[in-house]
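As a plain string of letters, each chain reads:
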Amino acid sequence: MKILILIFIFFIIKYINGFEIKGFGFGIVIPDAECSSYIGDSVNQTLCNNKLQNNGDRIYTTTNSQIDSQANIKKSFEAITFLQDQCKDLLFAQFGICDIYLAPCIETTTAITPLKSISLPKRICKSVCERMVSNCPRLQEQMDCTDSLLFPEYGTIYNLTAYGYTIDNGSFAVPCSDPTNFYNKVSSNSSFIEICPSPLLLRNSSDPKYEANKGYTYLPPSNCVLPCPVPNYSSQKWDQLLTMSKILSTISFILSLYNVLTFGIMNKKVSDPHKCTCFFSGSIALVNLCDIITYSIGYEEFLCPEPGRSAKQQLDPVCGLTGALFHLGITYTVLWSMTMGLVLYCSVKRQKWFNFYHFLIGNTTFTIISVIIAAATSKFEAGLGSIECWIRDRWYSICLFWIPCGIALLIGSFCIIAVIHEIYKTSKSSISNRNDLLQRELKPLLIVIFISGSFLYLFIFFFDIERKFGGYRSAVEDYVLCLLYGGEEECFTTGPSYVAYFLFYLVIRWFGIMFFVFYGTSNIARKIWFQSKIWKSISSSISPKSTPKSSPKNSDSQRNSDSKNNNYNSYNNNNNNKNNNNNNSNMILNQNDDKYTNEKKAVELESIKIN
């Protein structure tokens, strides 16, 4: 009899183990779990409100489990948002994800006293998991459908022996959950939910209000847009860049206006080099003025008028205005730097090959035409990772600025080489001539070299970014993956080196300071100021004449004494005139006497000779 009982128990165990092999998994009983209604989605984010069976009336819940489940569901929805071009039937995947994290629940009562309900979850069926993975293979990285604990084929077995269950040795089977039928009924009224990981923002690209040409940068295949400004660098580095721009732009603007005032307005003899200095400084002042307008409004408010949208000319008129001023200033700066090189070369050769007004007309005409073309085609915008509005269209910027910039650099380089050659030829003929030439032309030569070198750096930096732009674009995927799976790690998009980027904006803003150092502090500038009416009025106000003022009481006596003095002076003048007349008459008489004496002596000498 005992042998028969042992054989029976063996077959029972074998039968139970057969369940596991044939599609049943084993679950763990959590005593504090309960079946409760779904707490509902948050106000700001839709998740599973319409995707739960039985309207979410009985959800397996432990302490804070639904809140934690919502966080996990949100992360899963964020991930599949970027899989829309790689997967199909993602709406069914979202139903399955809701069923996984917010599992349906069944209750059973204990067989011992005190009676107590035991809540057990219904795990999602393996067939549902396999359908999700087959439609979207990328989900296999996060879901192992062979795990019978999470994805049983038929159901899950729980050991309830501790709760008084004796049937099947206390094993209690819970069938798996299959939301397929429910999905088929309600899917027509449901839509796929896109969720963008922070700081990405969700916008509807099909809505005309949020079209990409309005300043939004979408990350296909999703409707997620990059934040504005683009997180190429940490907030600390952005603050450093903006602080530098504020300080240098303000100083450079003031010093540029000083150069214009000194060499253009107060200067009585304006030479061609002085004219170049004035126009170059005025151009730099325009560039700096754009920065002053920008930081007066606020960099982020100006460059990013709406979350996720960068400023565009057609929607943001101030962006168009500052973009036009910036292009006018920076283009004029390039052209006048070329003009300075040509004027320097003519000065060294001591020949005037060019008329200055031809340069003025040519530089102004080209600059205005390029501004009109850019403004008419609405090409002024803030763009990604910039601190001012300018032309961001690749081919427009190349044609309207960088090609002219390259030509100007070429001409400027030729002038520098020619000037150095002339200095070398002069030094071979005479050392003194070389020293005189260097003393006269060294400062203009240095300034032309400095400006040309600065623009050469801007030229190289721009085309280096253009060369690497495709790599920056493709690296956005790494940025998204960092947002999805990076945890507490701070994520950044890939962009130019921060040092190179910082130097790019620094170079544009140091021209005004550099020109002041070379020209604004020169002897010529000081001489212009010392000879100006402004300086004379300041000097007279600082050191006034020490003549005592007469009091009102003595005014009449002062007038009388003045009249007496005037009469006395007129009397003395008359006497002096008489004396002068007498002296003149005496001089004439003396001259006549001398003449008579000389004639008398001549007669005597003649009589002696005769004798």
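Numbering of residues starts from 1 in each chain and follows the order in which that chain's sequence is written. In keeping with the predicted nature of the model, local features appear solely for residues at pLDDT of at least 70, side-chain atom pairs appear and are counted solely at 80 or more, and the whole-chain, interface and lining totals rest on all residues. The side-chain figures draw on all heavy atoms in the structure; neither hydrogens nor water molecules are used.

## Observations concerning the sheet that holds strand 7 (residues 171–175)
At least two bridges found by DSSP between two strands are what make those strands a pair. Strands here are runs of E lasting at least two residues and helices are runs of H or I lasting at least four, both read from the DSSP assignment and numbered beginning at the N terminus. The strand order across the open sheet formed by 3 strands is 1-6-7, and the pairing between neighbours is mixed. The sheet terminates laterally at strand 1 (24–27) and strand 7, the two strands that pair on one side only. Strand-to-strand twist across the sheet, computed as the mean angle between neighbouring axes with direction ignored, equals 30°. Direction of pairing for strand 1 relative to strand 6 (residues 155–159): parallel, over a ladder of 4 bridges. Paired with Gly-27 across the bridge in strand 6 is Tyr-158. The angle between two axes is taken between their N-to-C directions and runs from 0 to 180 degrees, where each axis is a line fitted to C-alpha atoms and a helix contributes only its stretch in contact.

## Some thoughts on the nonpolar core
The biggest cluster of nonpolar side chains holds 77 residues, and the ones touching the most others in it are Met-340, Ile-451 and Phe-455. The element best represented in this core is helix 9 (residues 317–349), accounting for 15 residues. The contact partners of Met-340, leaving out residues within four places of it in the chain, are Cys-276, Phe-280, Ile-447, Val-448, Ile-451, Phe-515 and Tyr-519. Only buried Ala, Val, Leu, Ile, Met, Phe, Trp, Tyr and Cys residues count toward a nonpolar core, and they belong to the same one when joined by side-chain atoms within 4.5 Å. Accessibility here uses a 1.4 Å probe with only protein chains present; expressed as a share of the type maximum, an area under 20% marks a residue as buried, one over 50% as exposed, and anything in between as partly exposed. In this structure, Ile-97, Met-132, Leu-139 and Tyr-183 belong to the second largest nonpolar core, which totals 34 residues. Pairs of residues are marked as contacts when any of their non-hydrogen atoms sit within 4.5 Å.

## Digging into the state of the cysteines
When the sulfur atoms of two cysteines come within 2.5 Å, that pair is taken as a disulfide. Scanning the model with the defined rule gives 9 disulfides in all. Bridging Cys-48 to Cys-98, the disulfide has an S-S length of 2.0 Å. Between Cys-48 and Cys-98, the S-S dihedral sits near -80°, and the bridge is therefore left-handed. Separated by 50 residues along the polypeptide, Cys-48 in the loop between strand 2 (34–36) and strand 3 (59–61) and Cys-98 in helix 3 (residues 90–101) bring together distant segments of the chain. Here the two residues Cys-48 and Cys-98 agree in accessibility, since each one is buried. A sulfur-sulfur separation of 1.9 Å characterises the disulfide bridge that pairs Cys-228 with Cys-304. Torsion about the S-S bond of the Cys-228 and Cys-304 cystine: about -75°, corresponding to left-handed handedness. With a gap of 76 residues between them, Cys-228 in the loop between strand 9 (224–225) and helix 6 (235–265) and Cys-304 in the loop between helix 8 (299–303) and helix 9 connect regions that are remote in the sequence. Per residue, the accessibility class of Cys-228 equals that of Cys-304, and both read buried. Free of any disulfide, Cys-276 has its nearest cysteine sulfur in Cys-278, 9.3 Å distant. Accessibility expressed as a relative area gives 1% for Cys-276, which makes it buried.

## Structural notes on the side chain of Ser-249
As for its placement among the helices and strands, Ser-249 is situated in helix 6. Take Ser-249: its relative accessible area is 0%, and that puts it in the buried class. Two N or O atoms count as a polar contact when they lie within 3.5 Å, although within protein this holds only if one can serve as hydrogen donor and the other as acceptor, and sequence-adjacent residues are included solely when both atoms are side-chain atoms. Engagement of the side chain of Ser-249 in a polar contact is seen with the side chain of Asp-291, the distance being 2.6 Å. Separated by 3.5 Å, the side chains of Ser-249 and Arg-509 make a polar contact. Not counting residues within four places of it along the chain, the set of residues in contact with Ser-249 comprises Met-244, Asn-288, Asp-291, Ile-292 and Arg-509.

## Section: the packing of helix 7 (residues 272–297) against helix 15 (residues 511–520)
Running from amino to carboxyl end, helix 7 crosses helix 15 at an angle of 150°, the nearest separation of the two axes being 9 Å. If you check the angle between helix 7 and helix 15, you find them roughly antiparallel. Here helix 7 runs over helix 15; the crossing is left-handed. Residue-level contacts link Thr-277, Phe-280, Ser-281 and Ile-284 of helix 7 to Phe-511, Gly-512, Phe-515 and Tyr-519 of helix 15. Between 65 and 115 degrees an angle is taken as roughly perpendicular, under 35 as roughly parallel, over 145 as roughly antiparallel, and anywhere else as oblique. If you view the pair so one helix is near and one far, a crossing is left-handed when the near helix is turned anticlockwise from the far one by less than a right angle, and right-handed when it is turned clockwise.

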